[in-house]
Amino acid sequence: MRLGFFTQCYCTVEISHRCLRTQEWRTSRGRCSRPPFLIPSLPPGTLSLTTRAMASSSDRNPPPFSVSEQSEPGLSDMADGDSDDGEDIFVSNSFQNHPASVSRGVSQPEVAADLFSEEAAAAKPNGVHSDDDDDDDDDDLFAEAQADLSSDTSGSSARKDLSTSSGLPSARSPADLLHTSLEQLEEEEAKDSFDVDVAVTNPEKVGDGMNAYVAYKVSTRTSLPMFKSKVFTARRRFSDFLGLYEKLSAKQSLHGCIIPPPPEKSVVGMTKVKVGMDDPSSVEFVEKRRAALERYLQRIVSHPLLLQDPDVREFLEREDLPRAVNTQALSGAGFLKMINRASDAVSKMTIKMNESDSWFEDKFQEVDMEEQQLRKLQAVVDSLVNHRKELCVNTAVFAKSIAMLGNSEDNTALSRALSQLAEVEDKMEQLHQEQAGSDFFIFAELLADYIRLLGAVRGCFDQRVRAWQRWQEAQSTLQKKREAEAKLLWANKPDKLQQAKEEITEWETKVTQYERDFDRIGMTVRKEVLRFEKQKAKDFKSQIIKYLEAMLQSQQRLIKFWEAFQPEAKAIA
Amino acid sequence: MMQEEANEATSVLSVYGHTIKVTEVLQDGDTLTFIIVSQKLSGTGEYHVDRTYEDFEWLQQHLYAQEDVPGLQGVIFPPLPVRPQVNASAKVMKQLGFLGLGEWQPYCKALETFLRQVAAHSILRKNKTVEVFLTSTDPPGRQKLRRNIFNRLSQAVEGLWKEGHKDVDEFFHTERDHNLVLTGHTRTAAEKFLDVVLTEQKIAVACGHFAAALHICVENGEDPEKKAFSRVCVKLSEVFDSIKKNMTSIAVNDMNTLGLALDLDSRYLEAEKEMLFRRTCKLVELENARKNAERAKPVKKNAMEEVKKAAEGEFEQICKVAKQEIVQLNQERVEMLQKNLIQWCEQQLQTAKEGADAYNQHLQAFIAMA
């Protein structure tokens, strides 16, 4: 559906919602009815805010039918070509594209028309809409989207290291919590051995024309018992990855966690691929995306909480994943509203007088500053990459001109030397090409990843603030209920009094609950930030080492080229 | 005979041609002054003179306008670089090519080469203006010579159709064709190489920016994780300083050896082209003179015959000189290119080895980092 400049989004989304009448949980398909904007790296959790806002402003009723369960794979005839026949892609650490068995797409063929948009820089609003959905459905209420209903993880941080129950200690005061937990979490961070390896390989175009998409092979190798087997693969498409992120972001149990954001949608890139996967810019785009998806999954599985999540397991294991249709989240919603809410949330933080405040406030500032610094670096790296590409082109052109010159020279030795020079220059072009790739894939993408991650970090701070707000609102509601009760006592209406007392009890429970939630989230955020910073230093260091190794290799090859050319030059008589 | 010898004696250069150096360039507003040093033949020291571009042009004009030098038009004149411009416009920069890079260092080298070629040329060095130019402390006179057979404008206006004029001599016919092809290719190669060098410079600059930008990320603080990250940033900044240094070296090597060589080559081939053109013009003149002599009425016949004979004589002289010049040029070209290719290769090899060492050190430092 081409929307670009329409004021309302007509894509269909799958929504879990609680029916306002019956209090039952239902799923239905509906129109998302949001303005067609996109923020790629939306801080997780902000979705729920907006959707509630939208829901409350809408007054349509949900239709009775639900089509959420489209998970049965009977729809498409798939010969299973996915079991890896002896092909072990984990042999080498660099997951290169292997010639893979051609296999069919992930799920039923459908319209996957990406609309025109500009490549969105993270967190910049633009008029993008990407439609991963098909047919128009009837109008539906976009009601309150809710967090995951089936919570395996019962709110406590179920760590991967299951030997010690490292859930929340029962002590109630925040300061106590902080002390014991911080020590604990620093210990736990030290046990950093994750026994899961994932790789994303073999991008293959499925389908034709504008309905085409790229399917990737997701391979997992693990020794963890919670998985059904030790080595397995699945084919996934880009929207599946986005869908996973959506699910994780929405989960109450994961609030406060830094959920790694997936790579951005790119309509321009995908359109190129749909047209043909052969030209260099398509190849580069697909490779960039493949690598980004791989890093995305690697970050997810190296996060102890996320690894436990059933959705993650399902993503890795399940043969046919239900088509993720609410990936509109990443493109939808009045995010101007969202941004404002987010910043309002931040400003509300200054009202709090809690002593743990300064840590959060300081950290938030740091994160903000760091994001700006990384953006600056990213700009420089981008220009460096461009210059390297330019050097490739210029070197190739020069090589040709030298070859022509060599051909027209009379002196045979000179002619020969010039031809050799042309060959050397061609080899150098190759080197420059690799160097540009190195610069790009190592640095540019590293910086891009971390800029997105910092957005996610900011998001989890926001979640904490929202938890605080919920708590405060509950407190104020409780207060109102109490006042109402007092009034009723005065007015002497015993029947209503009973209800009032019940409501007070209900809200007292909520207040306690929300306070606990808030504390828990605070703890999680602190833990997550610590883990993030450690990971960041490690990540950067390992990438730099990779870069230097590649550089060194290039230099060695360059030395060989020059050494080979030297006798040719000397031979000119 | 005696007079000839005497003339020769007084016209011989009093410096060693191969010691001529353009040691400095001074900038005063928009004017550039070049300091030229040469060793005296007598072994008693050096000449130091300062010259502007106008002085070089004066020298060149005088060389062009020499009289009573048989076959002068067959000489391949050492090419003078185009006029330099302080804060050059894009167009001038394009014209200058390699010579516009690097704070006039390549330009000085080109002027130096010009002077050395003049001083080494068997015919040209005899002209006393060369001596004056190299040794006189006062700036040589700057009057424009009126009669200038090499006035480019007139050549362009009158001559282009003559360029394709069929030749009578196999040698020259081949040489003209060959020169045409070579000139084009060499100029293209020089231009494309310049593009390469300019991009290398851009990369060096970008690396410098990255290194500087990394310092912004360094923070003071007690937090061990922050410290770790800051250390990474500082070390990475050092890496990119190394890369910048390496890239700059590569560009400088390119410029000083192959770049200058291609530039000189292409200008020399242009000079040869001009010489061949002059010869062709003379050929046309000769053929016209022959026609005139044939068709002349008896009254004018003798006069026309005289003109024809003179033209034949001149043409013969020109061809003789030209042949020598061509042979010499072809030989010198090859030598020059060889020398520069060898030097280029050696310098780049050296730079590559230094780069490898530096990167290896950085790599070890990173691996060793906690």
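- An unreviewed UniProt entry lists chain B under the name PX domain-containing protein, with Ataeniobius toweri given as the organism.
- Database annotation for chain B, UniProt heading Sequence similarities (unreviewed entry): "Belongs to the sorting nexin family."

- You'll find chain A entered in an unreviewed UniProt entry as Sorting nexin-1, with Ataeniobius toweri given as the organism.
- Quoted verbatim from the Sequence similarities (unreviewed entry) field of UniProt, the annotation for chain A is "Belongs to the sorting nexin family."

**Looking at the overall build of chain A**
Part 1 of the argument: A count of helices and strands for chain A gives 11 helices and five strands.
Part 2 of the argument: Within the span of chain A, comprising 573 residues, buried residues form 54% of the whole.
Part 3 of the argument: Contacts in chain A between residues at least 24 apart in sequence constitute 79% of all its contacts with a sequence separation of at least 6.
Part 4 of the argument: Accessible surface, chain A as shown: approximately 25,800 Å² in total, 53% of it carbon and sulfur.

**Considerations on unusual backbone geometry**
Part 1 of the argument: A positive phi is found at A:Asn202, a non-glycine position, where the angle reads about 50 degrees.
Part 2 of the argument: Among the secondary structure elements, A:Asn202 is positioned in strand β3 (residues 196-206).
Part 3 of the argument: Residue B:Asn87 is not a glycine yet carries a positive backbone phi of 50 degrees.
Part 4 of the argument: Given a relative accessible area of 71%, B:Asn87 falls into the exposed group.

**What to know about the sheet that holds strand β2 (residues 31-39) of chain B**
All names here are of chain B.
Part 1 of the argument: The sheet built from three strands is open, its strands ordered β1-β2-β3 with antiparallel pairing. Only two strands of the sheet have a single partner each, and these edge strands are β1 (21-28) and β3 (46-51). On average, each strand axis in the sheet is tilted by 20 degrees relative to the strand beside it, whichever way the strands run.
Part 2 of the argument: Bridge analysis of β2 against β3 gives six bridges, and the strand direction is antiparallel.

**Re the packing of aromatic side chains**
Part 1 of the argument: All chains considered together, the criterion is met by 28 aromatic pairs over all chains.
Part 2 of the argument: Ring centres 4.9 Å apart and planes at 80 degrees place the aromatic pair A:Trp359 and A:Phe360 in the edge-to-face group.
Part 3 of the argument: Judged by relative accessible area, A:Trp359 falls into the partly exposed class, the value being 23%.
Part 4 of the argument: Here A:Phe443 and B:Phe240 contribute two aromatic rings whose centre-to-centre distance is 5.6 Å and whose plane-to-plane angle is 65 degrees, an arrangement assigned as edge-to-face. Separated into two different chains, A:Phe443 in helix α10 (residues 412-491) and B:Phe240 in helix α8 (residues 224-295) make up a pair that spans both. In terms of burial, A:Phe443 and B:Phe240 fall into one category: buried.
Part 5 of the argument: An aromatic cluster is built from A:Phe398, A:Trp562, A:Phe565, B:Phe98, B:Phe193 and B:Trp344, whose rings are joined through pairwise contacts.
Part 6 of the argument: Directly above the ring of A:Trp359 sits A:Arg526, whose terminal nitrogen or CZ lies 4.4 Å from the centroid.

**Regarding the confidence of the model for chain B**
Detailed reading of predicted coordinates is not advised where the pLDDT is low.
All names here are of chain B.
Part 1 of the argument: In this model, chain B carries a mean pLDDT of 86, and residues with pLDDT of at least 70 account for 91%.
Part 2 of the argument: Taken element by element, the predicted model of chain B shows its lowest mean pLDDT in helix α1 (residues 2-11) (45) and its highest in helix α7 (residues 170-216) (93).
Part 3 of the argument: Long-range and interchain partners of residues 1-10, a stretch whose pLDDT sits below 50, account for one contact in this model, where long-range means more than four residues apart.

Rules used throughout
- Along each chain, residue indices are assigned from 1 in the same order as the chain's sequence is written.
- In the order they appear in the text, chains get letters beginning with A and ligands get numbers beginning with 1.
- With pLDDT at 70 or above as the cut-off, local features in this predicted model cover only qualifying residues; side-chain atom pairs require 80 or more to be listed or tallied, and sums for whole chains, interfaces and linings still use all residues.
- Neither water nor hydrogens contribute to the side-chain values; these are computed over all heavy atoms in the structure.
- UniProt positions are given in the numbering used here, feature names are shortened, and annotations may be inferred rather than shown by experiment.
- Note on conventions: DSSP H or I runs of at least 4 residues are helices, E runs of at least 2 residues are strands, and numbering of each starts at the N terminus.
- Categorising residues by exposure relies on relative accessible area from a 1.4 Å probe, with only protein chains included: less than 20% of the type maximum marks a residue as buried, more than 50% marks it as exposed, and the intermediate range marks it as partly exposed.
- Between two residues, a contact is recorded if the distance between any of their heavy atoms is within 4.5 Å.
- Values of accessible area rely on a 1.4 Å probe in the Shrake-Rupley scheme; residue burial ignores everything except the protein chains shown.
- One bridge is not enough; two strands pair if DSSP finds at least two bridges between them.
- Only the stretch in contact is used when fitting a helix axis, every axis being a line fitted to C-alpha atoms; angles between N-to-C directions are given from 0 to 180 degrees.
- Any two of the Phe, Tyr and Trp rings considered here, Trp counted by its six-membered ring, make a pair once their centres fall within 6.5 Å; the pair's planes then place it as stacked at under 30 degrees, edge-to-face at over 60, or tilted in between.
- Any Lys NZ or Arg CZ that is within 6 Å of a ring centre and within 35 degrees of that ring's normal is treated as a charge sitting over the ring.
- A residue's pLDDT is the predictor's confidence in that residue, given on a scale from 0 to 100.

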